[in-house]
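# Chains, contacts and geometry: an overview
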Amino acid sequence: MNTVRLTTSQALVRFLAHQYSERDGQEQRLIPGVWGIFGHGNVAGVGQALLQAATTGEADLPYYLARNEQGMVHASVAYAKMRDRLATFACTASTGPGSTNMITGAALATTNRLPVLLLPSDMFATRAADPVLQQLEDTRGGDVTVNDAFRAVSKYFDRISRPEQLIPAALAAMRVLTDPVETGAVTLALPQDVQAEAYDWPLEFFRRRVWHVGRPVPEPAAIERAARLLRNAKKPLIVAGGGAVYSGAETALRAFAEATGIPVADTHAGKGAVPWDHPCAVGGIGSTGSYAANELAREADVVLGVGTRYSDFTTASHTVFADPDVTFVNLNVARLDAVKHSAEPLVADARLGIEALAGALTDWEVPAEYRALTRRLIARTREIEEDCFHVGHGPLPAQTEILGALNDVLDDRAAVINAAGSMPGDLQQLWRARDPKAYHVEYAYSCMGYEVAAGVGVKMADPSREVVVLVGDGSYLMMAQEIVTMISEGLKVIVVLVQNHGFASIGALSESLGSQRFGTKYRYRDGGSGLLDGEVLPVDLAANASSLGADVLHATSVDEFRSAMEKAKAATRTTVVHVETDLYGPNPPGHGWWDVPVSEVAALDTTRSAYATYAAHKQTQRHYL
């Protein structure tokens, strides 16, 4: 057997450089590069290997410097989302806090079912110098390290305690990364001494490998059962989730909706699979869903879920599907999701499943009066949207007005990124997506701080698109430092920084739950009450963005915002458009409910009143059995 002597890190770098994914005959690099921040745990291991690869040309695996370890995971996940889970990055971090900083990113990746390869540095496998700097000493066992915290949020975890263990572990890692059912965060913990240890590696380990991402074919009997349920439906509804986008089922889904007349609602991950102005598109569904989608959901007798995991926001905490006899047909590549809500499962690739259903329903469509009802509900929804876009609020504009202006000034391919705060709810109702890659809202984990870092990954995944990061001041303060990465990598991204001096979403939720917006505003502590209810803090986030290297434009009105956006679009480098909005809204009208428990006993009248409302909503909640 021919071998080559390399360190574990050098072998890993060479291995990753030769991994490819393939679907439908299209091949691409599975791991096109490595994000990292170096410290004493990885600088002499993975760091040396990446330097050697770059200077000798022995492996093509570029290195990218991040400014925060969580941020580099977010960038990698955003890249994977844009590439339909067929490519992602590896992330290397130093021992201790550098590595544990990636745990939130790992949770986000696994919750969203998006691939990312994490390479946290670990303590000495030999334990020659225990306890070393940043080592957790656990009295329960000597083999426990902080990296064990990755186990709960990873789809695959392994600790490489000997160089030769890398061979089966690396192959297993690639298997999980390219499995649409099992994918998520994959973690290979690398003790710092093992990273630098040499071994005679079989050359075959470094051959070019192509990981084929298949399309599971639907079972004919399952198609027959699903088609029978749909044929008997009078008011069916489709819920399009992320699986519809990742499988490339958009064209098939539109054609199916047109032929059958079944209206299509969408989740955050599925928005754009059917364009917003398609006659069957009824918008977002659930807790922050549109008027049309939720009205149809309440009367739907059969719900066809396409690639959705049915989060509580999608089901409005099990209240939006209100027909007592509602039946679900779930088309999903993962059986976990296909059987939810006692559904008729259709375990298959979304595109192939829709095509098969279309073939089984060639002579069937919804009643004409149901098509007419859908049209009427869409028309009313458009009126609601226009009211939100042109509310004429003052003296500060409403956030909905800013979104309306943004809808107008961006083209159909511009990728809009968001994750947390009040904007995801506003966007689900109001954003008019015609391209599934133009709507990039991370809402499985709804992680504050995702947005700016994700802008890096989205732009790298598709440089041809205008990339617009929508971020509130709360999320910006969590993690804005990857603006520096945008500058250093020469990426042109527009960051729309919406400042309202508080947490608008949680503030409104707090108020609705009787907690009086407690602790949700950026204020001085009031000397009299002792609460954070004093004057507004003198925070200048625009100056902060400028200090990080971005060009900054200011807007104080909707018209000024439109003008600033046109300048930002014409710019050639990262530009931040700073606009202040009213913390208190107004927001779009609510058409759904979200289950957030209220204190059952309280001394506050506001809390007691909120509990009465909560108890009434709970009466409408149900299991779908």
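These remarks concern the structure in this document. Here the structure is a predicted model, which means the values were calculated and not measured.

### Some words on the sheet that holds strand 15 (residues 302–306)
Reading across the sheet, the six strands line up as 14-13-12-15-16-17 and stay open at both edges, with parallel pairing between neighbours. The sheet is open, and its two borders are formed by strand 14 (281–284) and strand 17 (344–347), each paired with just one other strand. Along the sheet, successive strands turn relative to each other by an average axial angle of 20°, direction set aside. With five bridges connecting them, strand 15 and strand 16 (residues 327–332) associate as parallel partners. Paired with Val-303 across the two strands is Phe-328, which belongs to strand 16. Packing against the sheet, helix 8 (residues 220–231) makes contact with strand 12 (236–240), strand 15, strand 16 and strand 17, and its axis sits at approximately 135° to strand 17. Each of strand 12, strand 13 (264–266) and strand 15 touches helix 10 (residues 250–260); the most contacted strand, strand 12, lies at about 165° to it.

### Describing the packing of aromatic side chains
By the definition in use, this model includes 18 aromatic pairs. With centroids separated by 5.4 Å and ring planes inclined at 40°, the aromatic side chains of Trp-35 and Tyr-64 adopt a geometry described as tilted. Of the two residues, Trp-35 is situated in strand 4 (residues 34–36) and Tyr-64 in strand 5 (residues 63–65); the sequence distance between them amounts to 29 residues. With relative accessibility at 1%, the residue Trp-35 sits in the buried group. Residues Tyr-611 and Tyr-614 carry aromatic rings whose centres are separated by 6.3 Å and whose planes lie at 40° to one another, so their mutual orientation is tilted. Linking Tyr-611 with Tyr-614, this pair stays in helix 23 (residues 605–618), spanning three residues, or about one helical turn.

### Section: the layout of surface pockets
Put simply, the largest pocket is a space of about 1,100 Å³. What lines the largest pocket is a set of 44 residues, and nearest its centre among them are Thr-288, Ser-505, Ala-508, Leu-509 and Trp-594. There is about 230 Å³ of room inside the second largest pocket. Arg-127, Gly-142, Asp-143, Thr-145 and Arg-159 are, among the 17 residues lining the second largest pocket, the residues nearest its centre. A class-by-class count of the residues in the lining of the second largest pocket yields six nonpolar, four polar and seven charged.

### Section: unusual backbone geometry
A cis amide bond, omega 5°, links Gly-394 with the succeeding residue Pro-395. Mapped onto the fold, Pro-395 is located in the loop between helix 14 (368–389) and helix 15 (399–409). Between Gly-585 and Pro-586 the backbone carries a cis peptide bond, its omega angle lying at 5°. Relative to the helices and strands, Pro-586 resides in the loop between strand 23 (575–580) and helix 23. With a phi close to 75°, Gln-134 is a non-glycine residue in the positive phi region.

Here is what the cut-offs are and how they apply
- Residues numbered from 1 in each chain as written.
- Predicted model: local features only at pLDDT ≥ 70, side-chain atom pairs only at ≥ 80, totals over all residues.
- Heavy atoms only, no water.
- Pairing = 2+ DSSP bridges.
- Helix = DSSP H or I, 4+ residues; strand = E, 2+ residues; numbered from the N terminus.
- Axes fitted to C-alpha atoms, helices over the stretch in contact; angles between N-to-C directions.
- Contact = heavy atoms within 4.5 Å.
- Phe/Tyr/Trp six-rings, centres within 6.5 Å; stacked < 30°, edge-to-face > 60°.
- Buried < 20%, exposed > 50% of the residue type's maximum accessible area, 1.4 Å probe, protein only.
- 1 Å grid on protein atoms, 1.4 Å probe; cavity = no way out; pocket = protein on both sides within 12 Å on 5 of 7 lines; lining within 4 Å.
- Points joined across faces, edges and corners; volume = space filled by probe spheres on them.
- Nonpolar A, V, L, I, M, F, W, Y, C, P; charged D, E, K, R; others polar.

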